[in-house]
Amino acid sequence: MQQHDDEQIKALIKDQKTRRRGFEMMVRQYSEQLYWQVRRIVLTHEDSNDVLQNAFMKAWTSLDSFHGDSKISTWLSRIAINEALDFTRKQKNHPLQSTDDEELGLANQLMADNYFDGEETEAQLQEAIAQLPEVQKTVFMLRYYDEMKYSEISKILGTSEGGLKASYHIAVKKISEFFKKND
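From a predicted model like this one, the values you see are computed outputs, not experimental measurements. (Residues numbered from 1 in each chain as written. Predicted model: local features only at pLDDT ≥ 70, side-chain atom pairs only at ≥ 80, totals over all residues. Heavy atoms only, no water.)

Time to look at the overall build of the protein chain. On a plain count of helices and strands, the protein chain comes out with 10 helices and zero strands. Reading the secondary structure of the protein chain in the N-to-C direction produces α-α-α-α-α-α-α-α-α-α. Here the protein chain holds 183 residues, and the buried ones make up 44% of them. A sequence separation of at least 24 residues applies to 60% of the contacts in the protein chain between residues at least 6 apart. (Helix = DSSP H or I, 4+ residues; strand = E, 2+ residues; numbered from the N terminus. Buried < 20%, exposed > 50% of the residue type's maximum accessible area, 1.4 Å probe, protein only. Contact = heavy atoms within 4.5 Å.)

Time to look at helix α2 (residues 19-42). Under the 1.5 Å per step criterion, the end-to-end length of α2 is only 30 Å for 24 residues, more than 12% shorter than the ideal 34 Å. L43 lies just past α2 and shows a positive phi near 75°. (Expected span 1.5 Å × (residues − 1).)

The topology assignment puts L52 in helix α3 (residues 45-61). Accessibility expressed as a relative area gives 9% for L52, which makes it buried. Residues L52 and I81 lie 29 residues apart in sequence; the distance between their C-alpha atoms is 9.2 Å. Once residues within four sequence positions are removed from consideration, L52 is found in contact with S31, L34 and Y35.

Under the definition given, this model contains one cavity of 30 Å³ or more. Of the volumes computed, that of the largest cavity is approximately 40 Å³. Surrounding the largest cavity, I41, L85, T88, K92, E134 and K137 form its lining. Among the elements of the structure, α4 (72-93) and α8 (134-144) are those that each provide at least two residues to the lining of the largest cavity. (1 Å grid on protein atoms, 1.4 Å probe; cavity = no way out; pocket = protein on both sides within 12 Å on 5 of 7 lines; lining within 4 Å. Points joined across faces, edges and corners; volume = space filled by probe spheres on them.)

Next comes the structure, spelled out in structure tokens:
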């Protein structure tokens, strides 16, 4: 897939005549990255696709408010992560799972998911991450999986870098304790 320069895409989306083409380029360029950011939060393939579609719809309707101060990936990540977090909050408030699913445990649910291609250790890691508070979970995933710098995570989440570093290290400690307890 051909990668496009952020400035080229920004120029296309600012002009009403080329906005759709610029947006299509943006979707093609960032879909996979955003999918995995969302997937790590909502966990299932189907829900991830729905959340990602909602995020891109929100991005489309918000193009006029994007001034180009940040990178496109940062702006899109903020939208996608917020959509994913909103989705998980709604799921917690209105769980549709049966008691059988709850008893299975997240690791077993993931291993049974046709779209999950990880090992049991990865499934256990996902279970440990799922038990973290929302901010620690999000910071851990962006830092661990996406290898984002704290400065970029700070822009996405609107939190200080120092607070993010503390959240990350607490998350790592909790995950280590989870593995020690379940070893």
